[in-house]
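# An overview of the molecular structure
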Amino acid sequence: KALAESLIAAAAGSGTRVEALITDMDRPLGIAAGNANEVIETFDILKGKGPADVLEVTRAQAERVLVMSGRYDERSANAKLEETLRSGAALEQTRKWLQAQGGDPGVVDDYSLLPQPKGTIEVRAPRSGFITAIDTYVAGMLAVDIGAGRKKADDVIDYAAGIMFDKRTGDPVKSGETIARIQLGERGGNAADLREQYLRSVEIGDA
């Protein structure tokens, strides 16, 4: 809340009207962390088959933008969003944005055109139970370590690298079941070390 208030105050000082949404950062949002894999997740959302929590947050943000425009109230904003997603207009607009920025709109329908992982490491549950917590900072730094993010401004991002969260907070798991997949790019990495690093982010309990 303190961060949100400071950002709002900074924007107001420059004459910009903004709002901030307080969201849950104690678990991964969606099932992907990375670059190409999050783009795929985004396209899936626009096709009506992405993770429900990503859709919920995205719709909440879009609703506030529409209401702040002065052209909609909350009810009409929600109706407009529903119509835009259902009709495919949002997906078509995405293709236009890609085209306008020199990208290949074909990636919307052919994910193989995006950077592909050079290898995948499966992380398996060490015991049965329920995932009671995922430390998003630890998991996020693992993504950075394999090249999906930057530690310094001049670090080169590997767009193929990332993490897929097959099991998330609250999910039941069985011993030996895959709970995550670490997608490696050019940097690679030691499989045992990366599995151990990911498991440090996960807590498994009995309930």
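Attention here is on the structure that accompanies the text. (Residues numbered from 1 in each chain as written. Predicted model: local features only at pLDDT ≥ 70, side-chain atom pairs only at ≥ 80, totals over all residues. Heavy atoms only, no water.)

### Section: the pattern of salt bridges
Counting across every chain of the model gives 17 salt bridges. The partner of glutamate 82 in a salt bridge is arginine 59, and the shortest N-O contact between them spans 2.8 Å. A residue pair is termed long-range when its members are at least 10 positions apart, and glutamate 82 in helix 4 (residues 74-87) and arginine 59 in helix 3 (residues 52-68) qualify at 23 residues. Linked through salt bridges whose partners overlap, the residues forming this network are Arg17, Glu19, Glu63, Arg64 and Glu74. (Salt bridge = Lys/Arg side-chain N within 4 Å of Asp/Glu carboxyl O. Helix = DSSP H or I, 4+ residues; strand = E, 2+ residues; numbered from the N terminus.)

### Examining helix 6 (residues 136-145)
Every buried residue of helix 6 is accounted for by Ala139, Leu142, Ala143 and Val144. Summarising the contacts, the buried residues of helix 6 are in contact with strand 4 (162-165), strand 6 (178-184) and helix 7 (191-199). Measuring from the side-chain oxygen of the N-cap residue of helix 6 to the backbone nitrogen of tyrosine 137 gives 3.0 Å; that N-cap residue is aspartate 135. Count one or two residues on from helix 6 and you reach glycine 147, which has phi positive near 110°. (Buried < 20%, exposed > 50% of the residue type's maximum accessible area, 1.4 Å probe, protein only. Contact = heavy atoms within 4.5 Å. Polar contact = N/O pair within 3.5 Å; in protein donor to acceptor, adjacent residues only side chain to side chain.)

### Observations regarding helix 5 (residues 89-100)
With 12 residues, helix 5 extends 16 Å from end C-alpha to end C-alpha; this agrees with the ideal 16 Å at 1.5 Å per step. Restricting attention to buried positions, one finds in helix 5 the residues Ala90, Leu91 and Thr94. Along the axis of helix 5, the buried positions cluster into a sector of 100°, meaning they face one direction only. Residues Gln99 and Ala100 are exposed on helix 5 and point more than 90 degrees away from its buried face. Phi turns positive, to about 85°, at glycine 102, one or two residues after helix 5. (Expected span 1.5 Å × (residues − 1). Arc of directions from axis to C-beta.)

### A short note on the nonpolar core
Counting 23 residues, the largest nonpolar core has Ile182 and Tyr198 as its most contacted members. Broken down by secondary-structure element, the contributors of at least two residues to this core are strand 2 (119-124), strand 3 (129-134), helix 6, strand 4, strand 6, helix 7 and strand 7 (202-205). For this core, the element with the most residues is strand 6, which contributes four residues. Residues contacting tyrosine 198, with those up to four places away along its chain left out, are Val123, Ile134, Leu142, Ile163, Phe165, Ile179, Ala180 and Ile182. Membership of the second largest hydrophobic core comes to eight residues, among which are Phe43, Leu46, Ala90 and Val107. (Core = buried A, V, L, I, M, F, W, Y, C linked by side-chain atoms within 4.5 Å.)

All quantities given are derived from atomic positions and should not be read as evidence of function.
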